[in-house]
Amino acid sequence: MQRVRQILLFLKRGYSEREIAKQTKVSRPTVHLFSTLFRATGRGYDELLSLKDPDLDAVFSKTKPVKAEPEDPRKAHFLDQLSYFILELKRVGVTRYLLWQEYLQLYPAGFQYSRFCELLDIEMAVRKPAMHLEHNPGELLEIDFAGSKLHYVNEDGEIIECPVLVAVLPFSGYSFVQALPNATLPYLIGALNAILEYFQGVPMNAISDNMKQWVTRTCKYEPTFPEMLREWALHNQIGLLATRPGSPKDKPSVENNVLITYRRVFALLRNDTFESLDQLNQAILCKLDLHHGQNFQKKSYSRQELFNAEEKPLLQALPATSYQIRHYTRAKVQKNYHVVLGEDWHFYSVPFSYLGKEVNLVYCSDHVEVYHELQRIAIHTRSFKKHGYSTLLDHMPENHRKIAERRGWNPEYYLKKALENGPSTHEFFSQIMESKITIHQAYGPCLGILQLIRSFGGPRVEAACKRALRGKKYNYGVIKTILQNNMDLHEDAPTAGSPIPLHNNLRGPDAYNNIN
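Here the structure is a predicted model, which is why all the values come from computation and not from measurement.

Overview of the packing of helix α18 (residues 458-468) against helix α19 (residues 476-484)
Then, in step 1: At their nearest, the axes of α18 and α19 sit 9 Å apart, and the two run at 115 degrees to each other. Where α18 crosses over α19, the two elements pack in a sense that is right-handed. Of the residues in α19, those in contact with Arg460, Val461, Ala464, Cys465, Arg467 and Ala468 of α18 are Val478, Ile479, Ile482 and Leu483.
Then, in step 2: Split by residue class, the contact of α18 with α19 holds 8 nonpolar, no polar and 2 charged.

Notes on helix α11 (residues 252-269)
Then, in step 1: For α11, spanning 18 residues, the distance from its first C-alpha to its last is 25 Å, which sits close to the expected 26 Å at 1.5 Å a residue.
Then, in step 2: At Tyr262, α11 shows its largest bend, some 35 degrees.
Then, in step 3: All of the buried residues along α11 are Ser253, Val254, Asn257, Val258, Ile260, Thr261, Val265, Phe266 and Leu269.

Looking at the nonpolar core
Then, in step 1: Formed by 33 residues in total, the largest nonpolar core has its most connected members in Ile189, Leu192, Phe199, Trp214 and Trp232.
Then, in step 2: Mapped onto this core, the elements with two or more residues apiece are β1 (140-145), β4 (164-169), β5 (174-179), α9 (185-199) and α10 (227-236).
Then, in step 3: A per-element tally of this core places α9 first, with 8 residues.
Then, in step 4: In this structure, Trp232 is in contact with Ile189, Leu192, Asn193, Leu196, Ile238, Leu240 and Tyr323, ignoring residues within four places of it in sequence.
Then, in step 5: Phe429, Cys446, Ile449 and Cys465 belong to the second largest nonpolar core, which has 23 residues in total.

Notes on the sheet that holds β4
Then, in step 1: Taken together, 5 strands build an open sheet; the order of strands is β5-β4-β1-β6-β7 and the sheet is mixed. The two strands at the open ends of the sheet, each matched to only one other strand, are β5 and β7 (239-242). Strand-to-strand twist in this sheet, taken as the mean axis angle between neighbours without regard to direction, amounts to 20 degrees.
Then, in step 2: In this sheet, β4 lies alongside β1 in antiparallel orientation, the contact comprising 4 bridges. Opposite Phe145, over in β4, you have Leu165 as the bridge partner.
Then, in step 3: Against the sheet, α11 touches β1, β4 and β5, its axis set at about 120 degrees to β4.

Topic: a negative patch on the surface
Then, in step 1: Where like charges cluster on the molecular surface, the negative patch consists of Glu155, Asp156, Glu158 and Glu275.
Then, in step 2: Mapped onto the fold, Glu158 is located in the loop between β2 (150-153) and β3 (159-162).
Then, in step 3: Owing to a relative accessible area of 45%, Glu158 belongs among the partly exposed residues under this scheme.

Considering the pattern of salt bridges
Then, in step 1: In this structure the tally under the stated criterion is 15 salt bridges.
Then, in step 2: One salt bridge connects Lys12 with Asp46, and the closest N-O pair in it is separated by 2.5 Å. Of the two residues, Lys12 is situated in helix α1 (residues 2-12) and Asp46 in helix α4 (residues 45-49); the sequence distance between them amounts to 34 residues.
Then, in step 3: By relative accessible area, which is 43% here, Lys12 ends up partly exposed.
Then, in step 4: When its relative accessible area of 48% is taken as the criterion, Asp46 is described as partly exposed.

Points about the packing of α1 against helix α3 (residues 28-41)
Then, in step 1: Viewed as axis vectors pointing N to C, α1 and α3 meet at an angle of 70 degrees, and their least axial separation amounts to 11 Å. Judged by the angle between their axes, α1 and α3 are roughly perpendicular. Two secondary-structure elements touch here, α1 through Val4, Ile7, Leu8 and Leu11 and α3 through Val31, Phe34, Ser35 and Phe38.
Then, in step 2: Residue classes in the contact of α1 with α3 are distributed as 7 nonpolar, 1 polar and no charged.

A closer look at a positive patch on the surface
Then, in step 1: Taken together, the side chains of Lys402, Lys416, Lys417 and Arg454 define a basic patch exposed on the protein surface.
Then, in step 2: Among the structural elements, Lys416 can be located in helix α15 (residues 411-421).
Then, in step 3: With a relative accessible area of 55%, Lys416 lands in the exposed category.

Structural notes on the state of the cysteines
Then, in step 1: This model, assessed by the stated rule, comprises 0 disulfides.
Then, in step 2: Take Cys446: it sits in no disulfide, and the sulfur closest to it among the cysteines is that of Cys465, at 9.8 Å.
Then, in step 3: On the basis of relative accessibility, which here comes to 0%, the residue Cys446 falls in the buried class.

A short note on the sheet that holds strand β8 (residues 327-332)
Then, in step 1: Pairing within the open sheet is antiparallel, and its 4 strands lie in the order β8-β11-β12-β13. With partners counted over all chains shown, the strands left at the sheet margins are β8 and β13 (375-381), one partner each. Across the sheet, the axes of successive neighbouring strands diverge by a mean angle of 25 degrees, strand direction being ignored.
Then, in step 2: Note: β8 against strand β11 (residues 358-363), 6 bridges, orientation antiparallel.

Calculation criteria
- Residues numbered from 1 in each chain as written.
- Predicted model: local features only at pLDDT ≥ 70, side-chain atom pairs only at ≥ 80, totals over all residues.
- Heavy atoms only, no water.
- Axes fitted to C-alpha atoms, helices over the stretch in contact; angles between N-to-C directions.
- Helix = DSSP H or I, 4+ residues; strand = E, 2+ residues; numbered from the N terminus.
- Left-handed = near helix turned anticlockwise from the far one by under 90°.
- Contact = heavy atoms within 4.5 Å.
- Nonpolar A, V, L, I, M, F, W, Y, C, P; charged D, E, K, R; others polar.
- Expected span 1.5 Å × (residues − 1).
- Bend = angle between axes of the 7 residues up to and from the residue.
- Buried < 20%, exposed > 50% of the residue type's maximum accessible area, 1.4 Å probe, protein only.
- Core = buried A, V, L, I, M, F, W, Y, C linked by side-chain atoms within 4.5 Å.
- Pairing = 2+ DSSP bridges.
- Patch = residues over 30% accessible without salt bridge, like charges linked within 9 Å, V, L, I, M, F, W, Y side chains within 5 Å.
- Areas by Shrake-Rupley, 256 points an atom, 1.4 Å probe, with all protein chains shown as cover.
- Salt bridge = Lys/Arg side-chain N within 4 Å of Asp/Glu carboxyl O.
- Lys, Arg positive; Asp, Glu negative; His and termini not counted.
- Charge placed at Lys NZ, Arg CZ, Asp CG, Glu CD.
- Parallel < 35°, antiparallel > 145°, perpendicular 65-115°, else oblique.
- Disulfide = S-S within 2.5 Å.

The quantities given are spatial measurements derived from coordinates; they are silent on function.
Following this line, the structure appears as structure tokens:
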């Protein structure tokens, strides 16, 4: 527009077209064209020069002759069919090649396949413009499963296919990729823990599409998430988000990162054979580290550098422990004050005062908790022994507790108690157990000696056991006699020497064999 204004100014001053061409370095035919257009507007030069650039361009656009391009009947026919093509491509199994074949059947003189695809791309791009999104560091984590799978070969030579989870922080492009045994929610939760551990921090929000592992009930405004996923989010203080139904482009960064994963991970591992899932995931992480270390195209820094410098410091701190999957069930306290966990068919005790009550069981891989009306009444280490019992003495009524104490738990229980008192007590208990026909006969004497420890004190019982080990009799009565007679408090007097000296004038039994 500056050249146009120069031509206008020279024409106003009365310069010839030849002189104007020399001054402006514009060809003479072009100067002549603009001179004709100026006159065609019917306006004065001063009025035209006072217009702003857009207005001046609009004035000349009206006066410019429109070149009539020859109409291409093939393109006109293609554009008429364009809406149909776009609609059909959304249907399952419909490809461009199939549409092109059908297109040629109806219009044999139509475009060839390459031109058909080119025009289709141009028109679809016009109808679907891309939007540039700004992301704040540490604000969002996008998650999705890759459409293709990786695999490994097990010991039997069977090829095991594995779904692949992809997660990315949109601000830095720093990502995480892991192959899973399957795509169920428990394995997804484990992968989410691995993601946070890999990033060494927690973003503010996490978003995925409406896959069944992520959303139980779809809604454009307020989707419903699985309870297990909500607990994971609460444990890590992270907000759960979901894309609008049927709108995967609401998470464009991870959609693009899936394509990057195909090129930077899948393609590089296509000729490798792995013998386990762990081996496969180690190889994935190696390729991922290389990807993070490469500079962005046309930039002087990498995803790793951008993540470390600007995003990692803004992530929330990891919780002290990783989230463990918790399961819930209900049970009724049985007459033996135990509840059964049906998954393992193992019994766990609760205080006997809750007989017949309905309780809630909350359990993970390590612990089992029992709740009654939101109050925890018992906690046990989880046992996977079928038909086994985990019982605490504090849960028993008084008479049952006495019986349990008398019976003890097992030989190791008594030996442990004895060792706590001293080595001589431990040795005496061992001798008691070895001297009995069955191990159950030893429990009574051992329990009695433990009672003597409470009555006389541990040091005295240890001294009594040390004294009793000199003899050949191992029972409760020996220890009790020593303690009652205070024999453990006195050291034995040294043995006096015999007054008769040793000599050979001694007769034994053989000396009397020949007596008549």
